[in-house]
Amino acid sequence: MRRATPVLTAPEYSVRVVACSDDHRGWSPAEPVESFGIVLARRGHFRLVNGGVEQAVDVTQGYTQVPGLDQRFAHPSGGDVCTFVSVGAALWHEITGDRPRSTTVRVDGVTELAHRLLLRTAHDAADPAERLVRTVTAAARTSASDDDGGAARTPAARASRTRLVVHAREAVLDDAPASHDLVSLARALKVSPGHLSRVFVAETGVSLTRFRNRVRVSRVLARLEAGDDDLAGIAGDLGFADQAHLTRTVRVTLGTTPARLRSAFTDRNA
């Protein structure tokens, strides 16, 4: 079951938050895409086949919507909350240009912060169009198609690699004990550490360690956005060595500090 809540509505774009309570491992029937846009996860994770390409969707990886494609979904880990940004064709091309793009959006910290601030637009004095353009621009720059050096692999081999990375991502997102280090995770997935490391980087563009830190930073953003100002407590809860470690990781990922982020979420003119 899905529940949609409008956030912004304008002639050339709309933003809505969709909460999905589905809990099933099988694939849903195909659903046609009717507008351009991006979908970014706010909470939870699921699997998607978008135009025939299978991928994982979570706070670090979203997807683009292109009219004419079909999508199918599976929710083996329960429900989720996503932001659907729909954009008119003319505005979409003005923002993103005409380069071919992957259906996958790698959501770095900059994109996630823009996404979270976009959802605050109705509560502060920011220009909604500026917030929207900032979010779509950030997402579009990470979805540009790049050369697939593994194009010669067989479909079965490619599917096997995709499944391995999906399972590894889900273990980190679910905070499974085995996901806290590469060797333990590789053993849990019954592959060698070297193979898991190589495939993860090839499929996601980042190392397993960077992905794990990216997930932690997302959780830091959620805590700060909710008004939690106990940075030492947040560090302990999220697996950082201490508050200094949290601050360094956030600065490397976002180019700013937790204290400044806290101000961004409380400043009504952010």
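Use the structure listed above.
So, a few notes on the structure that sits alongside this text. For clarity, every value in this text was computed on a predicted model and none was experimentally measured.

Conventions and cut-offs
- Residues numbered from 1 in each chain as written.
- Predicted model: local features only at pLDDT ≥ 70, side-chain atom pairs only at ≥ 80, totals over all residues.
- Heavy atoms only, no water.
- Helix = DSSP H or I, 4+ residues; strand = E, 2+ residues; numbered from the N terminus.
- Rg over C-alpha atoms; globule rule 2.2 N^0.38 Å.
- Buried < 20%, exposed > 50% of the residue type's maximum accessible area, 1.4 Å probe, protein only.
- Contact = heavy atoms within 4.5 Å.
- Lys, Arg positive; Asp, Glu negative; His and termini not counted.
- Charge placed at Lys NZ, Arg CZ, Asp CG, Glu CD.
- Core = buried A, V, L, I, M, F, W, Y, C linked by side-chain atoms within 4.5 Å.
- Axes fitted to C-alpha atoms, helices over the stretch in contact; angles between N-to-C directions.
- Parallel < 35°, antiparallel > 145°, perpendicular 65-115°, else oblique.
- Left-handed = near helix turned anticlockwise from the far one by under 90°.
- Nonpolar A, V, L, I, M, F, W, Y, C, P; charged D, E, K, R; others polar.

### So, the overall build of the protein chain
Along the backbone of the protein chain there are 10 helices and 10 strands. Here the protein chain has a C-alpha radius of gyration of 18 Å; the compact-globule value for 270 residues is 18 Å, and the two agree. The C-alpha extent of the protein chain, read off along each of the three principal axes, is 50 × 50 × 35 Å. The burial tally for the protein chain puts 47% of its 270 residues in the buried class. Long-range pairs, those at least 24 residues apart, make up 70% of the contacts in the protein chain with a sequence separation of at least 6. Taken as two groups, the 35 positive and 31 negative side-chain charges of the protein chain have centres that lie 5 Å from each other.

### Here we look at the nonpolar core
Of all hydrophobic cores here, the largest spans 21 residues; its most connected members are V15, I38, V85, L132 and V136. The element that contributes the greatest number of residues to this core is strand β2 (residues 13-20), accounting for four residues. Setting aside residues no more than four positions away along its own chain, L132 makes contact with Y13, V15, V85, L91 and L118. Grouped together as the second largest cluster of nonpolar side chains are 16 residues, L113, V217, V220 and A235 included.

### A few points about the packing of helix α2 (residues 109-118) against helix α10 (residues 258-266)
The interhelical angle for the contact between α2 and α10, taken along N-to-C directions, is 25°, at an axis separation of 10 Å. Taken together, the axis directions place α2 and α10 in an arrangement best described as roughly parallel. In the packing of α2 onto α10, the handedness of the crossing is right-handed. Of α10, the residues touching α2 (which contributes L113, R116 and L117) are L261, A264 and F265. Across the contact of α2 with α10, the residue classes tally to five nonpolar, no polar and one charged.

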